[in-house]
Amino acid sequence: MQWTEAYLLGYPAMDATHREFVDCVAALQAAGNADVLARLDAVATHLIEHFHQEEAWMADSGFPAAQCHADEHAAVLKSVREVRAMLDDGAQDPARVQVARDLAAALENWFPGHADYMDAALSHWMSKRAHGGAPVVLRRGVARTPEDSNVQEDCFK
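Structure report, in brief. (Residues numbered from 1 in each chain as written. Predicted model: local features only at pLDDT ≥ 70, side-chain atom pairs only at ≥ 80, totals over all residues. Heavy atoms only, no water.)

**Some remarks on the pattern of salt bridges**
Inference 1: All chains considered together, the criterion is met by 3 salt bridges.
Inference 2: The partner of R84 in a salt bridge is D41, and the shortest N-O contact between them spans 2.4 Å. Of the two residues, R84 sits in helix α3 (residues 66-88) while D41 sits in helix α2 (residues 36-61), which places them 43 residues apart along the sequence.
Inference 3: Here R84 falls in the partly exposed class, since its relative accessible area comes to 21%.
Inference 4: Under the relative-accessibility criterion, D41 is labelled partly exposed at 29%.
Inference 5: Between K78 and E82 there is a salt bridge, with the nearest N and O atoms lying 2.9 Å from each other. Of the two residues, K78 and E82 both sit in helix α3, 4 residues apart, roughly one turn of that helix.
Inference 6: The exposure class of E82 is partly exposed, given its relative accessible area of 44%.
Inference 7: Because the salt bridges share partners, they merge into one network encompassing D41, R84 and D88. (Salt bridge = Lys/Arg side-chain N within 4 Å of Asp/Glu carboxyl O. Helix = DSSP H or I, 4+ residues; strand = E, 2+ residues; numbered from the N terminus. Buried < 20%, exposed > 50% of the residue type's maximum accessible area, 1.4 Å probe, protein only.)

Okay, structure coming up:
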C-alpha cells in the first residue's frame, strides 16, 4: 500500500492519521515472515487509536452517521483480532502468516471506499462545524479521469 494524495480529505488531523494507517499496512505487507506478528500488532494498535479518535470526533460533534461508521470500525477490528488470535496459535505456520498477509490486502482494498464515503462525510462535517464550510482539498499529481477532463472542458466552452 502506498500513500497517494487521492486519500486527502481536507481535515488535517484525519489526513495525518490516514497517512499513518497507510504506512502501517505497507509495513505489514513488506514484513518478512518473522516480523509479521509485530507488524500486525502495530496495525492493531494504530487502528484502535485511529478509530477511537474518529469516534470521539463523531460523539463530540453529534455526527449523524456515527453508529454506522462505528459499526464498520468494529467489524474491521474484529477481523484484525481474529487474525491475531490465529497467529497466537502458530505465528511461524506459513498458512497463518498468509492469513495476516491476506488481511493486509483486505485492508488496502477496504480503505479507499471507507475514506471516500464514511471518512469524507466526517471530514466535511468537522470542517463545516469548525470553519463554516466544506474542506478544500488540493491534490497534486493525482491522475484525472477522462470524465473529469470532459467536465473541465465543458466548463470552458
